[in-house]
Amino acid sequence: MIPASFDYVRPTSVAEAVQALADGGDDAKILAGGQSFIPVLRLRMGDPSLVVDLGGIAELRGVREEGDKIVVGAMTTHHDVTRDDLLNQHVKLISEATKTVADFQVRHRGTLGGALAHADPAGDLAAPALALDAEFVIAGANGERTVAAGDFFEDYFTTAIGPQEILTAIRFPKYTGWGARYEKFNRVAQAWSIVAVAATVKVEGGTITDARIGLTNMAGTPVRARGVESALVGQTMSEETVRAAAQAAAEGTSPTSDADAGSDYREHLAKVLTGRAVLAAAG
Amino acid sequence: MARIRTTVDGLVYEDDVEPRMLLVQYLRERLGKTGTVIGCDTSNCGACTVHLDGLSVKSCSVLAVQANGSEVLTVEGLERDGQLHPVQQAFHDNHALQCGYCTPGMIMQSIDLLGDNPDPTEQEVREGIEGNLCRCTGYQNIVRAVQDAAQKMKPGATASQPASVAGGGA
């Protein structure tokens, strides 16, 4: 199907984009990589009066080091994320998870900021961002503000970004030397995650000294498996220890039941995949 | 209406388009490049895959206005002096199509894959064309064709034509 008519602007700075959103009113929408948004327009599930394309804003692209943080511009494509040396070295979990997003064509266009702002509960990048304690830089009429990952994801497809605000960058602390694994369970190629687990761990001298685990599609928002994290830290690394700790993975989750899986099956998957993810990350 | 200027298969085009026009519509309906086909309404099938500034994209998921100032390469721009591109030739040689509907997208994605990974394993080919569906389920020969093309495109391989990984986009 062909999208309904809309007006289109392609600003070249964040300030212009913020102004365009303000001028556009409630029906203005942001176009990032468009790999979810354009299908939504095509299926006429969305009918914006104005589309503000962020593709012309150079300052929103690229990865840079800022002190003890790695900063990723919101319009950096998945393709560029997977190939970025700084991220591979310091924030490996986001690189690993991004490699599993959709397919090559979608990764060439889709962006980290777009995927996080879309906040699909089955999307693969929110759980790693939560596990990594990412910070979200959001620009609006009153300047810039920073939101912690724990406060960013509010509900299904709902984030802390206001209607006239723009996500400009995602800041990650460095996890240099940590192992990482994104364990994704889906039925067929390019299908969404039924459940997935993002795990990054630090192992020193055979002991797990730190662990961060985020769960995909176990609630309307990504969930931290804090019970598993605390059960792992300080333990000697072994398969038995990890499998035992992973039994806490479904605590505090509220998974949905749908055509792919019942909620009890999702809880089972969360435990099994957490075990696999942590073992792979530590290996 | 928005004015766009694009290079498609080596020729420059200027047109006024509605912002809602998809790149695939522009290619097919304005430029008559019907070699690029539409196979689904969900962005899953990859039949409409083209290269946009050297990277494969699903042209149903890009607006024509977003291609302003860019270079587009479609399956119709691969042939050189009457010679098929090595990947096209390999699809022909290996009977890598049944109904043929997925073929333009499969070829464009395979060329992208080989540009990135000139000697992929069978598994890497399968992952590389993950975004392209063959409804005849004829993947076996498609994978074989991509690996065959990889061998023939290797530097020093005796090909019947100059092998270009980039596909010869102007």
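Nothing here was measured: the structure is a model prediction, and the numbers come from that model.

Scoring rules and cut-offs
Residues numbered from 1 in each chain as written. Chains lettered and ligands numbered in written order. Predicted model: local features only at pLDDT ≥ 70, side-chain atom pairs only at ≥ 80, totals over all residues. Helix = DSSP H or I, 4+ residues; strand = E, 2+ residues; numbered from the N terminus. Rg over C-alpha atoms; globule rule 2.2 N^0.38 Å. Buried ≥ 20, exposed ≤ 12 C-beta atoms within 10 Å, placed from the backbone. Contact = placed C-beta atoms within 7 Å. Pairing = 2+ DSSP bridges. Core = buried A, V, L, I, M, F, W, Y, C linked by C-beta atoms within 7 Å. Axes fitted to C-alpha atoms, helices over the stretch in contact; angles between N-to-C directions. Domains from an automatic or database assignment. Nonpolar A, V, L, I, M, F, W, Y, C, P; charged D, E, K, R; others polar. Arc of directions from axis to C-beta.

Draft legend 1. Up close: the overall build of chain B. From N to C terminus, chain B includes five helices and five strands. In chain B, the order of α-helices and β-strands from amino to carboxyl end is β-β-α-β-β-β-α-α-α-α. Taken over the C-alpha trace, chain B has a radius of gyration of 16 Å; the compact-globule value for 170 residues is 15 Å, and the two agree within 12%. Considering only C-alpha atoms, chain B reaches an extent of 50 × 30 × 25 Å along its principal axes. In chain B, which comprises 170 residues, the proportion classed as buried is 47%. Of all intrachain contacts in chain B linking residues separated by at least 6 positions in sequence, the fraction that spans at least 24 positions is 61%.

Draft legend 2. How the structure looks around the pairing of strand E6 (residues 135-140) of chain A. Residues and elements named next belong to chain A. The pairing of E6 with strand E7 (residues 143-148) spans six bridges and is antiparallel. Bridge pairing in E7 links Glu 135 to Ala 148. From the end of E6 to the start of E7, which pair antiparallel, there are two residues. Pairing geometry for E6 and strand E10 (residues 166-173), over five bridges, is antiparallel. Residue Ile 138 lies in a different strand from E10, and its bridge partner there is Leu 167.

Draft legend 3. Layout of the nonpolar core. Counting residues in each nonpolar core, the largest one holds 140 residues, and the members touching the most others are Val 52, Leu 116, Ile 170, Ala 198 and Val 278 of chain A together with Ala 64 of chain B. Every residue in contact with Ile 170 of chain A, bar those within four places of it in the chain, is listed here: Val 72, Ala 74, Leu 112, Gly 113, Leu 116, Ala 129, Ala 134 and Phe 136 of chain A.

Draft legend 4. Structural detail: the sheet that holds E7 of chain A. All names here are of chain A. An order of E4-E5-E10-E6-E7 is seen for the five strands of this open sheet, with the pairing classed as antiparallel. Strand pairing shows two members of the sheet lacking a second neighbour, strand E4 (63-66) and E7, which therefore form its edges. Along the sheet, successive strands turn relative to each other by an average axial angle of 25°, direction set aside. Pairing analysis gives five bridges linking strand E5 (residues 69-73) to E10, with the strands arranged antiparallel. Each bridged residue has a counterpart across the sheet, and for Val 72 the counterpart in E10 is Ile 170. Here helix H1 (residues 14-24) sits on the sheet in contact with E6 and E10, set at roughly 130° to E10.

Draft legend 5. Spotlight on the domain arrangement of chain A. Residue and element names in this part refer to chain A. Looking at chain A, the domain boundaries give domain 1 (7-56), domain 2 (59-173) and domain 3 (179-282). Using C-alpha coordinates to define each centre, domain 1 is positioned 18 Å away from domain 2. Across the contact, 13 residues belong to domain 1 and 19 residues belong to domain 2. Ranked by residues supplied to the side of domain 1 that touches domain 2, first place goes to H1 with five residues. In the side of domain 1 that touches domain 2, the residues fall into eight nonpolar, four polar and one charged.

Draft legend 6. Looking closely at helix H1 (residues 23-30) of chain B. All names here are of chain B. For H1, the full list of buried residues reads Leu 23, Val 24, Tyr 26 and Leu 27. Looking straight down H1, one finds its buried side chains confined to an arc of 165°; they lie on one side. Looking at the buried positions of H1, the neighbouring elements they touch are strand E1 (2-8) and strand E2 (11-17). Just downstream of H1 lies Gly 32, where phi reads positive at about 70°.

Draft legend 7. Quick peek at the domain arrangement of chain B. All names here are of chain B. Here chain B is partitioned into domain 1 (2-76) and domain 2 (86-153). Taken together, the contact pairs 15 residues of domain 1 with 11 residues of domain 2. Of all the elements in the fold, those that place two or more residues in the side of domain 1 that touches domain 2 are strand E3 (49-52) and strand E4 (55-58). At three residues, the largest contribution of residues to the side of domain 1 that touches domain 2 is made by E3. Grouping the amino acids of the side of domain 1 that touches domain 2 by side-chain chemistry returns seven nonpolar, eight polar and no charged.

Draft legend 8. View of the interface of chain B and chain A. Taken together, the contacts link 24 residues of chain B with 25 residues of chain A. For the side of chain B that touches chain A, the elements supplying multiple residues, two or more each, are E4 and helix H3 (103-116) of chain B. A total of four residues in the side of chain B that touches chain A trace back to one element, the largest contributor, which is E4 of chain B. Among the residues forming the side of chain B that touches chain A, the class breakdown is seven nonpolar, 11 polar and six charged.

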